[in-house]
Amino acid sequence: GENVEQHPSTLSVQEGDSAVIKCTYSDSASNYFPWYKQELGKRPQLIIDIRSNVGEKKDQRIAVTLNKTAKHFSLHITETQPEDSAVYFCAASRGSNYKLTFGKGTLLTVNP
Amino acid sequence: DSGVTQTPKHLITATGQRVTLRCSPRSGDLSVYWYQQSLDQGLQFLIQYYNGEERAKGNILERFSAQQFPDLHSELNLSSLELGDSALYFCASDRGGGAFSYEQYFGPGTRLTVT
């Protein structure tokens, strides 16, 4: 089955800096890659996603890139703010109506 | 608010007991997924239902079962509970097919504590 590796497990940055989280996946049939943000004790919230026919997608301060050949995808957060502090999960799926396989998560801390 | 609801928010019960967790998907969503989140295992897929039928199974123990009802709400039943079953249980839903229905939205979760 699918296996998703996520790095780093913790990331600490200064406010205003950029943060990058990287994931690799194993299943060549995966074609949908969402990112979720989870604050302590709360539900995972979908923040951005990308499909395999696209190489990059941006939404304000966040962007995701996908390299299907290398089977890796990354989350980029620019101009980080303290409210960006949370656990971020990457996931992979074979698409609509399929389960998500999650990475282990990255605890991002943005220091004021 | 994702539109997915779960009850109860918290459950505290003893080993050997049985509990039922309930989930109502977003309006219009046909698929419901159950995930377990624990500190050591992360977010793990348990089971998926689509329009009332079981569609996929993940790392779900035999002591656990689920069903989806005609009104599309779903219940996850956990029996013979062990200390290791303590975790956050999330359900998520999506449209269940189609080119524009990839996104899964999560409910607020049920925190289960087994003592």
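Residues numbered from 1 in each chain as written. Chains lettered and ligands numbered in written order. Predicted model: local features only at pLDDT ≥ 70, side-chain atom pairs only at ≥ 80, totals over all residues. Heavy atoms only, no water.

**Q** Can you walk me through the overall build of chain B in this structure?
**A** A count of helical and extended segments in chain B gives zero helices and 11 strands. Helices (α) and strands (β) of chain B occur, in sequence order from the N terminus, as β-β-β-β-β-β-β-β-β-β-β. Expressed as lengths along the three principal axes of its C-alpha atoms, the size of chain B is roughly 45 × 25 × 25 Å. In chain B, which comprises 115 residues, the proportion classed as buried is 50%. A fraction of 54% describes how many contacts in chain B between residues 6 or more apart in sequence connect residues 24 or more apart. Surface accessibility of chain B: about 5500 Å² in total, with carbon and sulfur atoms responsible for 48%. Considering chain B, the positive charge centre built from 9 side chains and the negative charge centre built from 12 side chains are found 3 Å apart. (Helix = DSSP H or I, 4+ residues; strand = E, 2+ residues; numbered from the N terminus. Buried < 20%, exposed > 50% of the residue type's maximum accessible area, 1.4 Å probe, protein only. Contact = heavy atoms within 4.5 Å. Areas by Shrake-Rupley, 256 points an atom, 1.4 Å probe, with all protein chains shown as cover. Lys, Arg positive; Asp, Glu negative; His and termini not counted. Charge placed at Lys NZ, Arg CZ, Asp CG, Glu CD.)

**Q** Where do I start with the nonpolar core in this structure?
**A** Inside soluble globular proteins, nonpolar side chains tend to come together where they are buried. In this structure, Trp35, Phe73 and Leu108 of chain A are the most contacted members of the largest nonpolar core, which totals 23 residues. Going through the elements one at a time, strand S2 (10-14), strand S3 (19-25), strand S4 (32-38), strand S5 (45-51), strand S7 (62-67), strand S8 (72-77), strand S9 (86-92) and strand S11 (106-111) of chain A are the ones with two or more residues in this core. Among the nonpolar cores identified, the runner-up in size contains 21 residues, and Trp34, Leu78, Leu81 and Tyr89 of chain B belong to it. (Core = buried A, V, L, I, M, F, W, Y, C linked by side-chain atoms within 4.5 Å.)

**Q** Explanation requested: the sheet that holds S8 of chain A in the structure shown.
**A** Strand pairs in the sheet, formed through backbone hydrogen bonds, run parallel or antiparallel to each other. Residue and element names in this part refer to chain A. With antiparallel pairing, five strands are arranged side by side in an open sheet as S1-S3-S8-S7-S6. The two strands at the open ends of the sheet, each matched to only one other strand, are strand S1 (4-7) and strand S6 (56-59). On average, adjacent strands in this sheet sit at an angle of 15° to one another, irrespective of strand direction. Note that S6 and S7 share four bridges and pair antiparallel. Residue Lys58 lies in a different strand from S7, and its bridge partner there is Ala63. (Pairing = 2+ DSSP bridges. Axes fitted to C-alpha atoms, helices over the stretch in contact; angles between N-to-C directions.)

**Q** Would you explain the state of the cysteines in this entry?
**A** Disulfides are covalent bonds that link the sulfur atoms of two cysteine residues. All told, the structure shown has two disulfides over all chains when counted by the stated rule. One disulfide in the model links Cys23 of chain A with Cys90 of chain A; its S-S distance is 1.9 Å. Residues Cys23 of chain A and Cys90 of chain A are joined by a disulfide whose S-S torsion is about -100°; by sign, that bridge is left-handed. Here Cys23 of chain A, found in strand S3, pairs with Cys90 of chain A, found in strand S9; they are 67 residues apart in sequence, far enough to count as distant. Each member of the pair Cys23 of chain A and Cys90 of chain A is classed as buried. Here Cys23 of chain B is linked by a disulfide to Cys91 of chain B, with a sulfur-sulfur distance of 1.9 Å. (Disulfide = S-S within 2.5 Å.)

Geometry only, nothing functional implied.
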